[in-house]
Amino acid sequence: MNFLCGIGAIIGGVVAGVLALLLIIFMIWIISTYNSFVRLKNNIEEAFSTMDVYLKKRYDLIPNLVETVKGYAKHEKETLEKVIAARNACAQAGNMEDKLASEKNLSSVLKQLAVVIEKYPELKADKNFTDLQNTLKQLENEIASSRKYFNGVTKTYNTKREVFPSNIIARWFKFDKKPLFEVDNAIERKNVKVEF
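Everything in this summary refers to the structure shown in the same document. Predicted model, so just to flag it, every value in this text is computed and none were measured.

**Overview of helix 2 (residues 77-92)**
For an α-helix, the turn length of 3.6 residues means that residues three or four places apart are oriented alike. Between its first and last C-alpha atoms helix 2 spans 22 Å; for 16 residues at 1.5 Å apiece the expected length is 22 Å, and the two agree. Of the positions making up helix 2, those classed as buried are Thr79, Leu80, Val83, Ala86, Arg87 and Cys90. All buried residues of helix 2 lie within an arc of 125° about the axis, which places them on one face of the element. Opposite the packed face of helix 2, turned more than 90 degrees from it, sit the exposed residues Lys77, Glu78 and Gln92.

Below, the structure written as C-alpha coordinates:
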(Lines give C-alpha, C1' and ligand atoms only; values in the text may rest on other atoms or scores of the structure.)
Protein backbone atom coordinates (compact mmCIF):
# COMPACT_ATOMS: atom_id res chain seq x y z
CA MET A 1 0.00 0.00 0.00
CA ASN A 2 2.81 2.38 0.87
CA PHE A 3 4.44 1.42 -2.41
CA LEU A 4 1.33 2.48 -4.40
CA CYS A 5 1.08 5.70 -2.44
CA GLY A 6 4.75 6.41 -3.23
CA ILE A 7 4.24 5.77 -6.98
CA GLY A 8 1.09 7.93 -6.94
CA ALA A 9 3.03 10.73 -5.26
CA ILE A 10 5.82 10.46 -7.83
CA ILE A 11 3.36 10.51 -10.75
CA GLY A 12 1.50 13.43 -9.18
CA GLY A 13 4.78 15.31 -8.74
CA VAL A 14 5.81 14.61 -12.36
CA VAL A 15 2.41 15.74 -13.66
CA ALA A 16 2.57 18.88 -11.53
CA GLY A 17 6.11 19.56 -12.78
CA VAL A 18 5.10 19.07 -16.42
CA LEU A 19 2.08 21.36 -15.96
CA ALA A 20 4.26 23.98 -14.29
CA LEU A 21 6.79 23.73 -17.13
CA LEU A 22 4.02 24.07 -19.74
CA LEU A 23 2.63 27.09 -17.89
CA ILE A 24 6.08 28.71 -17.81
CA ILE A 25 6.57 28.05 -21.56
CA PHE A 26 3.11 29.50 -22.27
CA MET A 27 3.85 32.63 -20.22
CA ILE A 28 7.21 33.09 -21.98
CA TRP A 29 5.44 32.79 -25.36
CA ILE A 30 2.81 35.38 -24.34
CA ILE A 31 5.47 37.83 -23.15
CA SER A 32 7.65 37.27 -26.22
CA THR A 33 4.75 37.70 -28.65
CA TYR A 34 3.47 40.79 -26.84
CA ASN A 35 6.95 42.36 -26.90
CA SER A 36 7.34 41.64 -30.62
CA PHE A 37 4.03 43.43 -31.28
CA VAL A 38 5.25 46.41 -29.27
CA ARG A 39 8.52 46.51 -31.26
CA LEU A 40 6.64 46.32 -34.58
CA LYS A 41 4.18 49.03 -33.48
CA ASN A 42 7.11 51.25 -32.52
CA ASN A 43 8.76 50.57 -35.89
CA ILE A 44 5.55 51.70 -37.62
CA GLU A 45 5.44 54.89 -35.56
CA GLU A 46 9.13 55.57 -36.25
CA ALA A 47 8.64 54.95 -39.98
CA PHE A 48 5.62 57.24 -40.08
CA SER A 49 7.48 59.91 -38.14
CA THR A 50 10.35 59.80 -40.63
CA MET A 51 7.93 60.02 -43.55
CA ASP A 52 6.07 62.83 -41.80
CA VAL A 53 9.26 64.94 -41.73
CA TYR A 54 9.50 64.73 -45.53
CA LEU A 55 5.78 65.41 -45.89
CA LYS A 56 6.11 68.56 -43.77
CA LYS A 57 9.02 69.72 -45.91
CA ARG A 58 6.78 69.24 -48.95
CA TYR A 59 3.96 71.17 -47.27
CA ASP A 60 6.36 74.06 -46.68
CA LEU A 61 7.53 74.01 -50.30
CA ILE A 62 4.08 73.96 -51.90
CA PRO A 63 3.10 77.61 -51.18
CA ASN A 64 6.34 78.82 -52.81
CA LEU A 65 5.68 76.62 -55.83
CA VAL A 66 2.09 77.86 -56.11
CA GLU A 67 3.18 81.51 -55.86
CA THR A 68 5.71 81.01 -58.65
CA VAL A 69 3.14 79.30 -60.87
CA LYS A 70 0.57 81.98 -60.03
CA GLY A 71 2.78 84.63 -61.61
CA TYR A 72 2.69 82.82 -64.98
CA ALA A 73 -0.69 81.12 -64.89
CA LYS A 74 -3.12 83.67 -63.57
CA HIS A 75 -6.21 81.98 -65.06
CA GLU A 76 -5.41 78.63 -63.37
CA LYS A 77 -6.72 79.95 -60.06
CA GLU A 78 -9.00 76.95 -59.37
CA THR A 79 -6.18 74.41 -59.62
CA LEU A 80 -3.90 76.54 -57.45
CA GLU A 81 -6.61 76.91 -54.81
CA LYS A 82 -7.12 73.12 -54.81
CA VAL A 83 -3.41 72.61 -54.22
CA ILE A 84 -3.36 75.00 -51.27
CA ALA A 85 -6.56 73.51 -49.80
CA ALA A 86 -5.18 69.97 -50.09
CA ARG A 87 -1.88 71.07 -48.55
CA ASN A 88 -3.70 72.71 -45.63
CA ALA A 89 -5.85 69.59 -45.09
CA CYS A 90 -2.69 67.48 -44.85
CA ALA A 91 -1.02 69.87 -42.46
CA GLN A 92 -4.09 69.88 -40.19
CA ALA A 93 -4.68 66.10 -40.21
CA GLY A 94 -4.39 64.83 -36.68
CA ASN A 95 -3.85 61.09 -36.62
CA MET A 96 -2.02 58.70 -38.91
CA GLU A 97 -5.15 57.49 -40.73
CA ASP A 98 -6.38 61.03 -41.48
CA LYS A 99 -2.92 62.09 -42.65
CA LEU A 100 -2.64 59.10 -44.99
CA ALA A 101 -6.08 59.84 -46.48
CA SER A 102 -5.32 63.53 -47.00
CA GLU A 103 -1.97 62.64 -48.60
CA LYS A 104 -3.80 60.68 -51.31
CA ASN A 105 -5.78 63.81 -52.16
CA LEU A 106 -2.68 66.02 -52.15
CA SER A 107 -0.85 63.65 -54.51
CA SER A 108 -3.81 63.81 -56.88
CA VAL A 109 -3.94 67.61 -56.83
CA LEU A 110 -0.16 67.91 -57.36
CA LYS A 111 -0.57 65.83 -60.51
CA GLN A 112 -3.16 68.37 -61.71
CA LEU A 113 -0.64 71.13 -60.99
CA ALA A 114 1.96 69.27 -63.07
CA VAL A 115 -0.48 69.34 -66.01
CA VAL A 116 -0.91 73.11 -65.57
CA ILE A 117 2.85 73.59 -65.49
CA GLU A 118 3.23 71.77 -68.81
CA LYS A 119 1.09 74.47 -70.46
CA TYR A 120 3.62 77.20 -69.65
CA PRO A 121 7.09 76.69 -71.18
CA GLU A 122 8.29 80.10 -69.92
CA LEU A 123 7.48 78.96 -66.37
CA LYS A 124 9.59 75.84 -66.80
CA ALA A 125 12.49 78.07 -67.88
CA ASP A 126 12.30 80.21 -64.70
CA LYS A 127 15.29 79.46 -62.44
CA ASN A 128 13.36 79.87 -59.17
CA PHE A 129 10.67 77.54 -60.42
CA THR A 130 13.23 75.00 -61.63
CA ASP A 131 14.93 75.03 -58.23
CA LEU A 132 11.59 74.56 -56.46
CA GLN A 133 10.60 71.79 -58.83
CA ASN A 134 13.93 69.98 -58.32
CA THR A 135 13.55 70.25 -54.56
CA LEU A 136 10.01 68.90 -54.83
CA LYS A 137 11.22 65.97 -56.96
CA GLN A 138 13.90 65.18 -54.39
CA LEU A 139 11.32 65.31 -51.60
CA GLU A 140 8.95 63.08 -53.57
CA ASN A 141 11.75 60.51 -53.95
CA GLU A 142 12.46 60.65 -50.21
CA ILE A 143 8.73 60.32 -49.47
CA ALA A 144 8.50 57.32 -51.80
CA SER A 145 11.45 55.68 -50.09
CA SER A 146 10.11 56.30 -46.60
CA ARG A 147 6.63 55.16 -47.71
CA LYS A 148 8.17 51.89 -48.91
CA TYR A 149 9.79 51.35 -45.49
CA PHE A 150 6.59 52.35 -43.66
CA ASN A 151 4.51 49.94 -45.74
CA GLY A 152 7.07 47.17 -45.19
CA VAL A 153 6.98 47.39 -41.39
CA THR A 154 3.21 47.85 -41.44
CA LYS A 155 2.80 44.72 -43.57
CA THR A 156 4.99 42.73 -41.16
CA TYR A 157 2.91 43.94 -38.21
CA ASN A 158 -0.44 43.28 -39.93
CA THR A 159 0.66 39.81 -41.02
CA LYS A 160 1.79 38.92 -37.49
CA ARG A 161 -1.50 40.07 -36.02
CA GLU A 162 -3.46 37.90 -38.48
CA VAL A 163 -1.53 34.61 -38.36
CA PHE A 164 -2.12 31.91 -35.79
CA PRO A 165 -1.23 31.74 -32.90
CA SER A 166 -0.01 35.34 -32.55
CA ASN A 167 -3.48 36.56 -33.59
CA ILE A 168 -4.68 35.41 -30.15
CA ILE A 169 -2.27 37.80 -28.42
CA ALA A 170 -3.18 40.57 -30.88
CA ARG A 171 -6.84 40.14 -29.99
CA TRP A 172 -6.21 39.92 -26.24
CA PHE A 173 -4.12 43.08 -26.15
CA LYS A 174 -6.07 44.93 -28.87
CA PHE A 175 -3.26 45.36 -31.42
CA ASP A 176 -5.41 46.81 -34.22
CA LYS A 177 -4.69 46.63 -37.93
CA LYS A 178 -2.61 49.54 -39.24
CA PRO A 179 -3.28 51.17 -42.62
CA LEU A 180 -0.78 51.09 -45.46
CA PHE A 181 0.17 54.34 -47.18
CA GLU A 182 -1.17 53.72 -50.66
CA VAL A 183 -1.56 56.07 -53.56
CA ASP A 184 -4.88 56.17 -55.34
CA ASN A 185 -4.54 53.63 -58.16
CA ALA A 186 -7.30 55.22 -60.22
CA ILE A 187 -5.39 58.50 -60.30
CA GLU A 188 -1.97 56.89 -60.77
CA ARG A 189 -3.09 54.83 -63.75
CA LYS A 190 -5.04 57.55 -65.52
CA ASN A 191 -3.34 59.05 -68.57
CA VAL A 192 -2.45 62.67 -68.16
CA LYS A 193 -3.92 64.83 -70.87
CA VAL A 194 -1.82 67.88 -71.75
CA GLU A 195 -3.35 70.53 -74.00
CA PHE A 196 -1.60 73.55 -75.47
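Next, the rest of the story.
**What about unusual backbone geometry?**
Residue Pro165 is reached from Phe164 by a cis peptide bond, and omega for that bond is 5°. In this fold, Pro165 is placed in the loop between helix 5 (127-162) and helix 6 (166-172). Located in the positive-phi region is Lys174, a residue other than glycine, with phi close to 55°. As for its placement among the helices and strands, Lys174 is situated in the loop between helix 6 and helix 7 (185-189).

Calculation criteria
Residue numbers restart at each chain and count upward from 1, following the sequence in its written direction. With pLDDT at 70 or above as the cut-off, local features in this predicted model cover only qualifying residues; side-chain atom pairs require 80 or more to be listed or tallied, and sums for whole chains, interfaces and linings still use all residues. Here the side-chain values reflect all heavy atoms present in the structure, with hydrogen atoms and water set aside. For helices the rule is a DSSP run of H or I covering at least 4 residues; for strands it is a run of E covering at least 2, with both sets numbered from the N terminus onward. To estimate how far a helix should reach, multiply one less than its number of residues by 1.5 Å. Only protein chains enter the calculation, and the probe is 1.4 Å; a residue is then buried if its accessible area is under 20% of its type maximum, exposed if over 50%, and partly exposed in between. For this quantity, the arc is that covered by the directions from the helix axis to the C-beta atoms.

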